[in-house]
Every structure is written in structure tokens, then in C-alpha cells.
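A closer look at the structure
Each chain is listed here by its residues.
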Amino acid sequence: FIHVAGTKGKGSVCAIVATALSAAGIRCGCYASPHVERVTERVRVDGVDVDEEALSDGLEAALGAREQAIAEGTPAQASTWFDLFTAAALWVFSEATCEWVVLECGLGGRLDSTNAVDGDVCVLTNVDLEHTSVLGDTLRAIAIEKAEILPAGGALVVGFPEDEDEVCAVVREVVARKGGRARFLEELPESFEGRNEATARAALREVAELGGPPLAASFDQEVLRAARLKARCERFQLGEQEVILDGGHVASSVSGLFEHLD
């Protein structure tokens with residue numbers, strides 16, 4: 001598993017990593033959220049959205065497990081919709097015999113449904129103030145929630161260079177407590193797209209160290225084009241008017257989009 005947390009860039013990093021692994025001959029699943037048009041966008045195998053029948057089978061299996069939990073009075077009786085959908089996605093990936101699976105956290109990380117698995121490679125793209133009513137109202141609190149996806153002895157790829165700020169301090173604390181290690185970027189590319197690309201390459205280098213395809217980290221522009229997602233600086237031409245659709249929901253995303261468009 002490659003487990004990805006962060007405020008922005010999670011979906012794009014997941015898509016790039018999964019597309020690069022598939023291009024390298026690895027059967028790869030990718031679980032992401034939210035969807036833009038159809039819920040099947042959330043579960044992909046080798047870049048193809050899951051078909052409705054396979055997703056239905058996965059959901060039936062997850063709902064059956066929840067019904068059993070209700071009968072037995074176990075904690076799983078309180079499963080949320082996202083818990084059940086995550087379980088269904090994992091069922092789909094198992095049935096599809098995926099070798100690697102890329103999981104995007106839905107919200108936070110420590111208590112996110114996706115944290116039911118231990119990531120062989122974990123990624124923290126960045127940290128900004130978001131969902132403060134749930135994750136905390138400081139960068140430190142939010143960084144802790146996200147960095148806590150790191151399992152004991154795990155590897156955490158960090159989508160920015162190491163410095164003395166509070167987010168990096170949190171990363172160092174979590175990594176030390178869990179006996180893991182961190183791979184920070186050597187430099188910070190100027191654009192969001194550049195940062196996502198550099199973070200994905202760093203994650204794929206960690207995958208290679210675990211026996212994954214070494215050439216996956218050398219992905220080209222064709223992989224980047226195939227990995228582009230809807231509502232991420234997506235351009236449309238309506239008559240003579242250009243329209244740009246972007247799902248940025250925090251201040252840094254909006255300012256970054258304006259800088260990109262300039």
C-alpha cells in the first residue's frame with residue numbers, strides 16, 4: 001500500500017503514482033475522493049474506473065460484514081458510509097489481484113477509514129488549515145493528524161523540503177516515535193503541478209526500494225497527461241469564453257491557482 005495524506009495534492013499524487021506503476025507493468029489499484037461526476041471514479045484499477053457490478057459486489061460484502069457486526073455487537077456496527085465504501089474498494093482491489101494499491105485519505109489520517117491498513121510507503125503532501133472543527137485549529141494539530149498514518153518502522157515521503165517550521169517538527173517527532181524515517185524533497189518546485197510530480201517521484205523511489213519497478217519513478221509526460229484529474233485546473237472553451245474548473249478549497253490553493261494562471 002501507498003498511503004497518501006495532506007491538505008492539497010493528494011488526489012493528483014495518487015493518480016500519478018498509480019498511473020506510473022501501471023505503465024511499468026504493475027497491476028495497481030487507486031482509491032481516491034471525492035468524485036466529480038460518478039462515484040465509480042473513486043475506485044480505479046490500472047486507470048479504469050470500477051464497473052458498477054464489481055462495486056456493487058464489494059458494497060454487498062461490506063454491508064454483509066456490517067450486518068454481522070450489528071448482530072454480534074462489535075465496534076464495526078458503527079461503520080460510516082466512508083468506512084463501508086473503503087472496505088468495498090479494498091474488496092475490489094483484492095478481487096482484481098492488484099499488486100500495489102494507492103490509498104488517498106478522505107479527511108485527516110489518524111482516524112480516517114483508510115488507516116485500517118499500514119502503508120508500506122506513506123506520503124504527506126503538505127499541511128494547511130482545513131476542517132479545523134474536526135482536525136484542530138493549528139497547523140501543528142492538523143499535521144499530527146495527517147502524519148499519524150505512518151506505521152511503526154515505516155517510511156514517510158514529505159512533499160516539501162525540511163526546515164525548522166512546526167510542520168517539519170511534527171514530522172520529525174512522529175517519525176522518531178514510530179522508529180521510521182522521512183524522505184523530504186530536496187527543493188520545492190514553484191508550481192503545484194511541479195510539487196505533485198516531485199512528491200510522486202519520491203514516493204516511487206521508496207516503492208522501488210521495496211522491490212517495486214525501478215523505472216516507475218522515471219515517468220514521462222505521457223504518464224502525467226494520463227494522470228490528470230477532473231476539476232484540477234481543468235479548462236473548457238464555451239464559445240469565445242475560457243472557463244477553468246478547479247476544486248481548490250483553501251487559501252493556498254486559490255492563490256496557487258491564480259499564480260499558475262498568471
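Residues numbered from 1 in each chain as written. Predicted model: local features only at pLDDT ≥ 70, side-chain atom pairs only at ≥ 80, totals over all residues. Heavy atoms only, no water.

1. Remarks on the nonpolar core
Put simply, the test is: Remark: nonpolar core denotes a set of buried residues (Ala, Val, Leu, Ile, Met, Phe, Trp, Tyr, Cys) joined through side-chain atoms within 4.5 Å. Burial classes follow relative accessibility: with a 1.4 Å probe on protein chains only, a residue under 20% of its type's maximum area counts as buried, one over 50% as exposed, and anything between as partly exposed. A helix here means a DSSP run of H or I that spans at least four residues, while a strand means a run of E at least two residues long, and both kinds are numbered starting from the N terminus. Any two residues having at least one pair of non-hydrogen atoms within 4.5 Å are treated as being in contact.
Judged by nonpolar contacts, the single largest core of 30 residues is most densely connected at Ile 2, Val 17, Leu 21, Trp 100, Val 102, Leu 204 and Phe 219. Contributing elements (two or more residues each) for this core: β1 (2-5), α1 (10-23), β2 (28-31), β5 (100-104), β6 (121-124), α7 (192-209) and α8 (221-226). Top contributing element to this core by residue count: α1, with 8 residues. Leave out the neighbours within four places in its chain, and Val 17 touches Ile 2, Val 102, Ala 200, Ala 203 and Leu 204. Counting 21 residues, the second largest nonpolar core, distinct from the first, contains Ala 143, Leu 150, Val 167 and Cys 168.

2. Details of the side chain of His 3
Among the structural elements, His 3 can be located in strand β1. With residues near it in sequence (within four places) discarded, His 3 still touches Leu 103, Cys 105, Thr 114, Asn 115, Val 117, Gly 119, Val 121, Cys 122, Val 123 and Ile 149.

3. Section: the pairing of strand β9 (residues 234-238)
Quick note on the threshold: Strands are treated as partners if at least two bridges between them are detected by DSSP.
In this sheet, strand β10 (residues 241-245) lies alongside β9 in antiparallel orientation, the contact comprising 5 bridges. Pairing of Gln 237 across the sheet is with Glu 242, part of β10. The turn joining β9 and β10, which pair antiparallel and follow one another in sequence, is formed by 2 residues; a positive phi near 65° is taken by Gly 239.

4. Digging into a negative patch on the surface
Here is the rule: Note that patches include only residues with greater than 30% relative accessible area and no salt bridge, and the join distances are 9 Å for like charges and 5 Å for nonpolar side chains (Val, Leu, Ile, Met, Phe, Trp, Tyr). Only the protein chains shown count as cover for residues, and all accessible areas are computed by the Shrake-Rupley method using a 1.4 Å probe. What counts as a salt bridge is simple: a side-chain nitrogen of Lys or Arg found within 4 Å of a carboxyl oxygen of Asp or Glu. Think of it this way: Lys and Arg go in the positive column, Asp and Glu in the negative one, and His and the chain ends go nowhere. Charge positions are represented by NZ for Lys, CZ for Arg, CG for Asp and CD for Glu.
Judged by side-chain charge, Asp 51, Glu 53, Asp 57, Glu 60 and Glu 95 come together as a negatively charged surface patch. With 3 residues, helix α2 (residues 52-72) is the largest single contributor of residues to the negative patch. Relative to the helices and strands, Glu 95 is located in helix α3 (residues 81-95). Residue classification places Glu 95 among the exposed residues on the basis of a relative accessible area of 53%.

5. Comments concerning a nonpolar patch on the surface
A surface patch of nonpolar side chains, about 330 Å² in accessible area, is lined by Phe 236, Leu 238, Val 243 and Leu 245. Elements supplying a minimum of two residues to the nonpolar patch: β9 and β10. Relative accessible area serves as the criterion here: at 36%, Phe 236 is assigned to the partly exposed category.

6. Concerning the environment of Ala 227
Within the secondary structure, Ala 227 is located in the loop between α8 and β9. Taking C-alpha positions, Ala 227 is 11 Å from Glu 197, a pair spaced 30 residues apart along the chain. If we skip the residues at most four places from it in the chain, Ala 227 touches Ala 15, Ile 16 and Thr 19.

7. Comments concerning the sheet that holds strand β4 (residues 48-49)
Let me state the cut-off plainly: Helix axes are fitted to C-alpha atoms over the stretch in contact, other axes to C-alpha atoms as well, and angles between N-to-C directions run from 0 to 180 degrees.
Across the sheet, 8 strands lie side by side as β4-β3-β2-β5-β1-β6-β7-β8; this open sheet has mixed pairing. Two strands lie at the open edges of the sheet, namely β4 and β8 (181-184), each paired on one side alone. Where β2 lies against β5, 4 bridges are found, and the strand directions are parallel. Residue pairing in the sheet places Cys 28 in a bridge with Trp 100 of β5. Sheet contacts for helix α6 (residues 166-177): β6, β7 (155-158) and β8; angle to β8, the most-contacted strand, approximately 150°. Sheet strands in contact with α7 are β1, β5, β6, β7 and β8, and its direction is about 140° off that of β8.

8. Comments concerning the packing of aromatic side chains
Condition: Between 30 and 60 degrees the pair is tilted, below 30 it is stacked and above 60 it is edge-to-face, where a pair is any two Phe, Tyr or Trp rings, Trp via its six-membered ring, whose centres lie within 6.5 Å. Note on criteria: charge over ring means Lys NZ or Arg CZ within 6 Å of the ring centre, with the direction from the centre no more than 35 degrees off the ring normal.
For the structure shown, the criterion picks out 4 aromatic pairs. One aromatic cluster in this structure is built from Tyr 31, Trp 81, Phe 82 and Phe 85. Above the face of the Phe 85 ring, Arg 42 is positioned so that its terminal group lies 5.9 Å from the ring centre. Over the ring of Phe 219 we find Arg 201, and its NZ or CZ is 3.8 Å from the ring centre.

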